[in-house]
Amino acid sequence: MTRQRVPPALLVPAIGGLLFLVLPLAGLLWRTPWSTLLSRLREPEVAQALRLSLLTASLATLLCLVLGVPLAWLLARVTFPGRRLVRALITVPLVLPPVVGGIALLLALGRRGLLGGWLDETFGVSLPFTTAGVVVAEAFVALPFLVIAVEGALRGADTRYEEAAATLGASRWITFTHVTLPLVAPGIAAGGVLCWARALGEFGATITFAGNYPGITQTMPLAVYQTMESGDLDGAVVLSLILLAVSVTILAALRDRWLAAP
Amino acid sequence: MVLTLGLSGCGGPEEKGTVTVFAAASLTESFTTLGKQFEAAHQGTTVKFNFAGSSALATQITQGAPADVFASAASKNMATIGDAAVTPTMFVKNQLVIATAKGNPKQITGVADLTEPGLKVALCAAEVPCGAAAGTALDAAGVKLTPVTLEQDVKAALSKVKLGEVDAALVYRTDARTASADVDTVEFPESAKAINEYPIAVLKGAANPTGARQFVDYVLSADGIEVLTAAGFQAP
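The rules behind these values
Residues numbered from 1 in each chain as written. Chains lettered and ligands numbered in written order. Predicted model: local features only at pLDDT ≥ 70, side-chain atom pairs only at ≥ 80, totals over all residues. Heavy atoms only, no water. Phe/Tyr/Trp six-rings, centres within 6.5 Å; stacked < 30°, edge-to-face > 60°. Core = buried A, V, L, I, M, F, W, Y, C linked by side-chain atoms within 4.5 Å. Buried < 20%, exposed > 50% of the residue type's maximum accessible area, 1.4 Å probe, protein only. Contact = heavy atoms within 4.5 Å. UniProt positions renumbered as here; feature names shortened; annotations may be inferred. Helix = DSSP H or I, 4+ residues; strand = E, 2+ residues; numbered from the N terminus. Salt bridge = Lys/Arg side-chain N within 4 Å of Asp/Glu carboxyl O. Polar contact = N/O pair within 3.5 Å; in protein donor to acceptor, adjacent residues only side chain to side chain. Pairing = 2+ DSSP bridges. Axes fitted to C-alpha atoms, helices over the stretch in contact; angles between N-to-C directions. Disulfide = S-S within 2.5 Å.

Points about the packing of aromatic side chains
Note on aromatic pairs: each is described by the distance of the centres and the angle between the planes.
Okay, so step 1: The final tally for this structure, using the stated rule, is 14 aromatic pairs over all chains.
Okay, so step 2: An aromatic cluster is defined as three or more aromatic residues linked by ring pairs; in this entry it consists of Phe31, Phe38, Phe49, Phe51, Phe91, Tyr172, Tyr198, Phe215, Tyr218 and Phe233 of chain B.

Quick look at the structure:
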């Protein structure tokens, strides 16, 4: 690699962009009441919300992996009518305001919802106000991240290995599990990390669909909002900082492990 | 200074400009109506509203949000902003009711019925006025209740009833009245022990102190109180 002079026309806006992203985080650090940080961390509500957040985000990621990897494979490897429409539909939760997602989930899976009404009457299963409901809300907003990442990895992968396996008599399922999956494993892991991070930060769909109750549906973002609402800015800052630290730590750790950055 | 301007505001030359009003979520409908009437009576003045939970509004104001008037659903939140509020005045009272699905299918007659097994109840979080009032009323009734959710403002709690996701919610009478097409209202005597008093104040450092004072005076006028009582509020 040769060392080049960076043109100021690129360097200045690049630094501006970096500052724009980092400055609000600096504001958070600047305003953190460090002296009471530890005692806040020990409050049972905080630990409870953090535990619930980590649990639901991980379960949501698992759900996304089970549903999303086959969906990505379908989009990348199979030609079928309406594929472009399906791809567009999958990206909808990316641009949809999360509150709208929450309302949509209520109308589909709520007690009087399209499918939820039937679930409630037949099995007595109702998702709102349950931890499972939080997982569903988080998975809804996070799934596109996984599908897009995995589809990209599949499109970038060399299909000659799959063709060779097929020529040697491997079924499509065997080819998928023994050739394709190992080939795009880093892509799946990267998508999974993104998906987990998005699930961890989920707020709007969760509070709308799953409600807010400590220990059952109150994840960290909801706890931050409620603390802010109560006028306890210091408390909200501390909770935000914890959430930020957890996300950054895990993203950084997994990024080095899975995303081979040059 | 603000006071003298305010006194000259009534009947004096009209002050043009925008009045920014931060108001409790439960005031949404009545203040929207009041705002239109005020604009009609004060040509050239526009009223802008920011409706949310009173606690959130108080936090926004202490963090420097540009507001001219603050109308809170509880004096506690007015106290939060301290001397940023210029002479807060009580202007209405509000009482809690039980909102149920249309036709009251679970036949709820009082707060004691809310503890029935399998019944889903939404309350406001204790941090916001409707939640604090609910806590007081339930204590007064001696009812221990585990809600399925603690909503961030009264409108969110009411929505959960409208959607049918909960069987009942404790909300203000005014909000239940606004939603009377979708919900039924059950009055309960213990709510008399938890009446919310709403203060309104011009804010120190208001960009438009004259307009702000005129708006507050309008809310406190006979016309203003008439709109509010029609919505189910009680005069102070």
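Don't stop here, the text continues.
Some remarks on the nonpolar core
Okay, so step 1: Grouped together as the largest cluster of nonpolar side chains are 66 residues, with contacts concentrated most on Leu27, Phe31, Phe91, Leu114 and Leu228 of chain B.
Okay, so step 2: In contact with leucine 228 of chain B, not counting residues within four places along its chain, are Leu27, Ser30, Phe31, Leu34, Phe91, Val92, Val219 and Phe233 of chain B.
Okay, so step 3: In terms of nonpolar packing, the next biggest core, distinct from the first, is built from 40 residues, Ala57, Ala60, Trp73 and Leu200 of chain A among them.

Examining the UniProt feature "transmembrane region" (unreviewed entry) in chain A
Okay, so step 1: Residues annotated by UniProt as "transmembrane region" (unreviewed entry) correspond here to residues 9-30, 50-76, 88-109, 129-150 and 236-254 of chain A.
Okay, so step 2: Between the first and last C-alpha atoms of residues 129-150 of chain A the distance is 31 Å; the span itself is 91% helix and 0% strand.

Focus on the pattern of salt bridges
Residue and element names in this part refer to chain A.
Okay, so step 1: Under the definition given, this model contains 14 salt bridges over all chains.
Okay, so step 2: With a shortest N-O distance of 2.8 Å, arginine 155 and glutamate 151 are connected by a salt bridge. On the criterion of helical spacing, the pair formed by arginine 155 and glutamate 151 is a turn pair, its members being four residues apart in helix 7 (residues 131-156).
Okay, so step 3: Taking relative accessible area as the criterion, glutamate 151 reaches 8% and is therefore assigned buried.
Okay, so step 4: A salt bridge links arginine 198 to glutamate 202; the shortest N-O distance between them is 3.9 Å.
Okay, so step 5: Taken together, the shared-partner salt bridges in this structure form one network comprising Arg87, Glu151 and Arg155.

Focus on the interface of chain B and chain A
Okay, so step 1: Each partner contributes residues to the interface: chain B has 23 residues there, and chain A has 21 residues.
Okay, so step 2: At the junction of chain B and chain A, the tally comes to one salt bridge.
Okay, so step 3: Of the charged contacts in the structure, one is a salt bridge between aspartate 167 of chain B and arginine 111 of chain A, with a shortest N-O distance of 3.0 Å.
Okay, so step 4: Between the two partners, chain B and chain A, sit 10 residue pairs in polar contact (both at pLDDT 80 or more).

Quick word on the sheet that holds strand 9 (residues 183-186) of chain B
Residue and element names in this part refer to chain B.
Okay, so step 1: Pairing is mixed across the open sheet formed by five strands, whose spatial order is 7-6-8-5-9. Edge strands, defined here as strands with exactly one partner in the open sheet, are strand 7 (149-151) and strand 9. The mean inter-strand angle of the sheet, taken between neighbouring strand axes irrespective of direction, is 35°.
Okay, so step 2: Two elements, strand 6 (residues 121-124) and strand 8 (residues 168-172), share two bridges in a ladder whose sense is parallel. Bridging across to strand 8, valine 121 finds its partner in alanine 168.

Details of the state of the cysteines
Residue and element names in this part refer to chain A.
Okay, so step 1: Scanning the model with the defined rule gives one disulfide over all chains in all.
Okay, so step 2: Left unpaired, cysteine 64 is separated from the closest cysteine sulfur, that of cysteine 195, by 3.5 Å.
Okay, so step 3: With relative accessibility at 1%, the residue cysteine 64 sits in the buried group.
Okay, so step 4: For cysteine 195, a relative accessible area of 0% corresponds to the buried category.

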